[in-house]
Amino acid sequence: MPTVELRFSAQPEHVRTARLVAAAVARRAGVDEAVLDEVRLAVGEACSRAVGLHRSHGIASPVTVVLTEEEKAFSIEVGDGLVAQGSDASVTGAPGGGGPDDPDTDADSEDEMGLAVISGLVDDVEVRTGADGGVIRMSWPTTPAVVLP
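The sections below set out a description of the structure shown in this document. (Residues numbered from 1 in each chain as written. Predicted model: local features only at pLDDT ≥ 70, side-chain atom pairs only at ≥ 80, totals over all residues. Heavy atoms only, no water.)

Quick look at the nonpolar core now. By size, the foremost hydrophobic cluster in this structure holds 31 residues, and its most contacted members are Phe74, Ile76, Val78, Met138 and Trp140. Per-element accounting of this core gives the leading share, eight residues, to helix α2 (residues 36-57). Setting aside residues up to four positions removed in sequence, methionine 138 forms contacts with Ala42, Val43, Ala46, Phe74, Ser75, Ile76, Val78, Ile118, Val122, Asp124 and Val125. (Core = buried A, V, L, I, M, F, W, Y, C linked by side-chain atoms within 4.5 Å. Buried < 20%, exposed > 50% of the residue type's maximum accessible area, 1.4 Å probe, protein only. Helix = DSSP H or I, 4+ residues; strand = E, 2+ residues; numbered from the N terminus. Contact = heavy atoms within 4.5 Å.)

Structure below.
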């Protein structure tokens, strides 16, 4: 199970690099060419979301992107490093409890919109929060390489 791990500081200019790396590794893993644009867009959206969370919450740790080639699938996990505080549901992308005067309401709306875009691009997506922060896991089927005689 070959794995590539990418870690970058939460700067918007690094998102493009993550998209390019994800597309290259996905291509090598056997993801269909027609799906590579969706991979790029989904990774860009997930990384932009993670960068936004890092910047708005003052998180100094890097954004992580783990690209894994499995037997019949290719998966990408984007980690945001935002550890859940108490019962704040907004870190997982679920609607938060903020009212109209809550300054985080706009950020929560952007977060939810980003998750909606990712869900529209990827059939197999999972959003979870753990001790190390939030993770968006996306996966795509791969086709076996054809060996010519």
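A word on the pairing of strand β2 (residues 63-69). For β2, a buried count of five out of seven residues is recorded, marking the element as mostly surrounded by other parts of the structure. One ladder, built from six bridges, connects strand β1 (residues 3-8) with β2; its direction is antiparallel. Bridge assignment links valine 4 to a residue of β2, and that residue is leucine 67. Sheet analysis places β2 next to strand β3 (residues 73-79), joined by six bridges and oriented antiparallel. Bridging across to β3, threonine 68 finds its partner in serine 75. A loop of three residues connects β2 with β3, the two strands running antiparallel in sequence. (Pairing = 2+ DSSP bridges.)

Moving on, we get to the environment of isoleucine 59. Position of isoleucine 59 relative to the elements: it lies in the loop between α2 and β2. What makes isoleucine 59 buried here is its relative accessible area of 18%. C-alpha separation for the pair isoleucine 59 and alanine 10, spaced 49 residues apart in sequence, amounts to 8.5 Å. Excluding residues that lie within four positions of it along the chain, isoleucine 59 makes contacts with Leu53, His54, Asp80, Gly81 and Leu82.

The next subject is α2. One turn of the α-helix equals 3.6 residues, which is why residues spaced by three or four share an orientation. The terminal C-alpha atoms of α2 lie 31 Å apart, and with 22 residues this matches the ideal 32 Å at 1.5 Å per residue to within 8%. Taken as a whole, α2 has its buried residues at Leu36, Val39, Ala42, Val43, Gly44, Ala46, Cys47, Arg49, Ala50, Val51, Leu53 and His54. Within two residues after α2, glycine 58 carries a phi angle of roughly 65°, on the positive side. (Expected span 1.5 Å × (residues − 1).)

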